[in-house]
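Architecture at a glance
One letter stands for each residue in the lines below.
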Amino acid sequence: MTLSKSQYVRANYQVNATPQLKMLSDDQCENILNGALEVLERTGAEIHSEEALEIFKKGGCWVDGNIVRFPSHLIEWAIRSAPSRIVISNQKGERTLFLEGQNVYYGPGPTNTYTIDPFTGERRRPRKSDTVRAAKVIDALPNISYAMDCGTVMDVTPTLSDVHAFQAMLENTNKPIIHWGFGIDQYQDIIDMAAVVAGGLEALQKNPFILLYSESSPPLRHSAEAIDKAIFAAKNNIPIVYTPCTFAGGVAPATMAATLVIAVADSLVGLVAGQLVRKGSGFVMGGLISTMDMSSTILSYGAAELSLLSAGLTAVARYMKIPMFSTGGCTDSKVIDTQMGLEAAFSILVAGLSGANLIHDCSYMEYGATSSLELMTMDDEIIGMVKRILEGVKVDDEHLALDVINKVGPGGHYLAEDHTMAHFREFWSSSLINRLRYDGWKAEGSKTMGQRVKEKTQDIINNHKPEPKPDHVLREIQAIVDRAEAREANKQ
Amino acid sequence: MPNNYEELSQSIISGQLDRVKSLTQQAIGAGDNPVDIINQGLIPGMSVVGARFKSGQMYVPEVLMSARAMDAGMQLVKPLILSEDIPSAGKVVIGTVKGDLHDIGKNLVSMMLESAGYTVINVGVDAGPEKFLHAVKEHQPGVIGMSALLTTTMLAMKDTIELLKEEGLRDRVKVIIGGAPISQDFADEIGADGFAPDAGSAADLCKKLLA
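Residues numbered from 1 in each chain as written. Chains lettered and ligands numbered in written order. Predicted model: local features only at pLDDT ≥ 70, side-chain atom pairs only at ≥ 80, totals over all residues.

Counting secondary structure elements, chain B contains nine helices and five strands. Along chain B, helices and strands appear, N-terminal first, in the series α-α-α-α-β-α-β-α-β-α-β-α-β-α. Taken against the 2.2 N^0.38 rule, which gives 17 Å for 211 residues, the C-alpha radius of gyration of chain B at 18 Å falls within 12% of a compact globule. Within chain B, the proportion of its 211 residues that are buried is 46%. Here the analysis covers contacts within chain B between residues at least 6 apart in sequence; of these, 73% occur between residues at least 24 apart. (Helix = DSSP H or I, 4+ residues; strand = E, 2+ residues; numbered from the N terminus. Rg over C-alpha atoms; globule rule 2.2 N^0.38 Å. Buried ≥ 20, exposed ≤ 12 C-beta atoms within 10 Å, placed from the backbone. Contact = placed C-beta atoms within 7 Å.)

It is worth spelling out the overall build of chain A at this point. The helix and strand tally for chain A stands at 18 helices and 19 strands. Here the C-alpha radius of gyration of chain A, 24 Å, is about what a compact globule of 492 residues would show, namely 23 Å. C-alpha atoms of chain A, sized along the principal axes, occupy 80 × 55 × 50 Å. When burial is assessed residue by residue, chain A has 51% of its 492 residues classed as buried. Long-range contacts, defined here as pairs at least 24 residues apart, represent 75% of the contacts in chain A between residues at least 6 apart.

With that settled, consider the environment of Ile460 of chain A. Relative to the helices and strands, Ile460 of chain A resides in helix H17 (residues 449–463). It is 7.2 Å that separates the C-alpha atoms of Ile460 of chain A and Lys136 of chain A, two residues lying 324 residues apart in sequence.

Taken together, the 17 residues of chain A in the interface contact 15 residues of chain B. Looking at the side of chain A that touches chain B residue by residue, the classes come out as five nonpolar, eleven polar and one charged. (Nonpolar A, V, L, I, M, F, W, Y, C, P; charged D, E, K, R; others polar.)

Attention now moves to the nonpolar core. Core analysis: the biggest nonpolar cluster contains 148 residues, and Val284 and Val316 of chain A have the highest contact counts within it. Here this core gets 13 residues from one element, more than from any other, and that element is helix H9 (residues 256–277) of chain A. The contact partners of Val284 of chain A, leaving out residues within four places of it in the chain, are Ile86, Leu99, Leu211, Pro239, Ile240, Val241, Pro323, Met324, Phe325 and Leu358 of chain A. With 41 residues, the next largest nonpolar core counts Val92, Leu101, Val143 and Val175 of chain B among its residues. (Core = buried A, V, L, I, M, F, W, Y, C linked by C-beta atoms within 7 Å.)

All names here are of chain A. One can describe the packing of helix H6 (residues 184–198) onto helix H18 (residues 471–491) by two numbers: an axis separation of 9 Å at closest approach and a directional angle of 170°. Here H6 is positioned roughly antiparallel relative to H18, judged by the angle of their axes. Residue-level inspection shows Asp185, Asp189, Asp192, Met193, Val196 and Val197 of H6 in contact with H18, the latter providing Val473, Glu476, Ile477, Ile480, Ala484 and Arg487. For the contact of H6 with H18, the per-class residue count stands at seven nonpolar, no polar and five charged. (Axes fitted to C-alpha atoms, helices over the stretch in contact; angles between N-to-C directions. Parallel < 35°, antiparallel > 145°, perpendicular 65-115°, else oblique.)

Residue and element names in this part refer to chain B. For chain B, the assigned domains read domain 1 (5–85) and domain 2 (90–210). Distance from the C-alpha centre of domain 1 to the C-alpha centre of domain 2: 26 Å. Elements that contribute at least two residues to the side of domain 1 that touches domain 2 include exactly helix H3 (34–54) and helix H4 (60–77). Per element, the largest residue contribution to the side of domain 1 that touches domain 2 is five residues, and it comes from H3. Looking at the side of domain 1 that touches domain 2 residue by residue, the classes come out as six nonpolar, one polar and two charged. (Domains from an automatic or database assignment.)

Turning next to the sheet that holds strand S1 (residues 45–47) of chain A. Residue and element names in this part refer to chain A. Spatial strand order, S2-S3-S1-S11: four strands in an open sheet with mixed pairing. Of all strands in the sheet, those with a lone pairing partner are strand S2 (62–64) and strand S11 (221–222), marking the two edges. Summarising the sheet, S1 and S11 pair through two bridges and their orientation is parallel. The residue bridging Ile47 from the neighbouring strand is His222, located in S11. (Pairing = 2+ DSSP bridges.)

Residues and elements named next belong to chain A. In this model, Pro218 is joined to Pro219 through a cis peptide bond whose omega is 0°. Note the cis peptide between Gly286 and Gly287, where omega equals 10°. Its place among the elements puts Gly287 in the loop between strand S14 (283–285) and strand S15 (288–291). Of note, Thr111 is a non-glycine position whose phi angle comes to about 55°, a positive value. Note that Thr111 resides in the loop between strand S6 (105–106) and strand S7 (114–116). For Thr111, a count of 22 C-beta atoms within 10 Å gives the class buried. Backbone geometry places Cys150, a non-glycine residue, at a positive phi of 60°. Mapped onto the elements of the fold, Cys150 is located in the loop between helix H4 (128–140) and helix H5 (161–172). Assessed through the 29 C-beta atoms surrounding it within 10 Å, Cys150 is described here as buried.

This brings us to the environment of Pro142 of chain A. Within the fold, Pro142 of chain A resides in the loop between H4 and H5. Sequence separation of Pro142 of chain A and Phe325 of chain A is 183 residues, and the distance between their C-alpha atoms is 20 Å.

Residues and elements named next belong to chain A. Mapping Ala248 onto the fold places it in strand S13 (residues 245–248). Through-space distance from the C-alpha of Ala248 to that of Asp266 is 14 Å; in sequence the pair is 18 residues apart. Leaving out residues up to four positions away in the same chain, Ala248 has contacts with Ala254, Met256, Thr259, Thr291, Met292 and Glu305.

Residues and elements named next belong to chain A. Reading across the sheet, the four strands line up as S8-S7-S19-S18 and stay open at both edges, with mixed pairing between neighbours. The open sheet has two edge strands with one neighbour each: strand S8 (123–124) and strand S18 (364–365). Inspection of the sheet shows S7 paired to S8 by two bridges, in the antiparallel sense. Paired with Thr115 across the two strands is Arg124, which belongs to S8.

Considering every residue of chain B, the mean pLDDT works out to 90; 99% of them sit at 70 or more. Both scores are available for the predicted complex, with the pTM at 0.92 and the ipTM at 0.82. (pLDDT = per-residue confidence, 0-100.)

And the structure:
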């Protein structure tokens, strides 16, 4: 069968290759950015690091005690100087995350103070073995594109929780890693371990598989730990995610626009520090932005405003051509339940539609206090559905299939057509969503979504075998962990 | 002139700072006993606020507006009373521990405690064990409250407790802790006397510990 030519002789034909969600227009983005520039020039930011104060002063900022005021031209220079695209490899050196344009990649979140054991259901303090489990699940799930630690490991030397978690991830997944550190010493350990895997520091810098992660304390306050990490990352030429946690009504005004202004301003402080240290160093802006619940005072991870504000912040990041670290797949629910499912689905969809490059926290329960591998497994399914929606509708001769429609004619069916054979696999098919007829579902044990999620999570932990790293690499990583332990023991 | 304590309480509940000030001033002008103004006008209003907040009928910003109005009234009345006669539920020293700059939660707890009638001595952020010790020696509070947001800095809470023990002061003061990573388990582990999961329950906890 030959297809007829298009009926159209086209001019100025526009295509929506994907669905469109742009929370703010370019003019609104400019407005928000100008607001942030005004805040930084007029109000300034409080900086608690001598090194950072020195860098800002030398760079042309006005420094008055701890308060730094930033001339707008300096920030505009920094925005232009930072790369609009950062490519992150996996641990085998294959370039996998293209943080550019509106590419979206999902992953879990870091540093929860509790975890839900996927076997016992117990909510307890995370152990190193939990990060081992998390890394395995991350490694196995196709729609989880990078690793984070899924909980602060608490059964190791407290000040090396970050280093041990990083080791656990290196040993159990080859996906890229976004990781935090308590301070500069630990960051050095982490970079050294990553360099072992990459085959040297230069190889790691050329082809990074890690992004370092730092959180400032809004409004307009940057601890030494936070800003020094941005400086450290730039010095070492490793990209950083700099992410203030901005919540409307608490550390920002109760209006959405002002909350965006605070979040952008606080991100820009980290950006300027990094660019002054090394022009062109990789910077990803964050991050976590939502409302404070005015009854419980939690920072809500399930609020409609989390999605609204995250999409707004993503629009501003895109306007500035800075890669964006956003949030989704998280919930305020304490258990695996309907609230969890609906909050996770909403935020994954909106974050995906917004085109944020890195979308994290696909494992966060209980307003971020608790991590759950079951939630991550379920999020993987939701992300699959969302990615299908993001594929959009292709409109061309092959996909319009007018010849096939003519051939089958009125009242016919398409089940046995070559065209159907060629395309029906484009339908998204699921592993966890249940579409069996009633009797089939009953025959399989009448399981709920929660039960299926639990079984799949347990199956991965019990049976998934991540591709192992060479012994000498593992030994060198262990040596760096031992070195860190010795250093911390000396500090006591 | 009949006293207007009912209206004063209502103005506290609705967070009308200027109204509270003028009603308090009127009561003072009418020669009311300042202690009565506090006990029959200001505190009953704040008690209603506390109860409504707990039951979800009032939100945090509204509570803070009420607390601010209450404080404005107190500032007018306080100079008229000998300090030992000012009704106080007790003294609390409060601060964010060493290495931690996060103080929004801590400040919220301070305001809640003040509006529940406690005298609060706020030692600020990045407060090391010595700072808490110094405040305990100087102010002799019934309770010290420590706050931390970070899993690393929360470990510093134990250092303060240890220092209090070394100085022989541990038995004279109750230690309560709070903050995002804190739990009852952690409080038990480091030997604190109590843990409050949120600002509202911190006042109840103090009341329980000082009873």
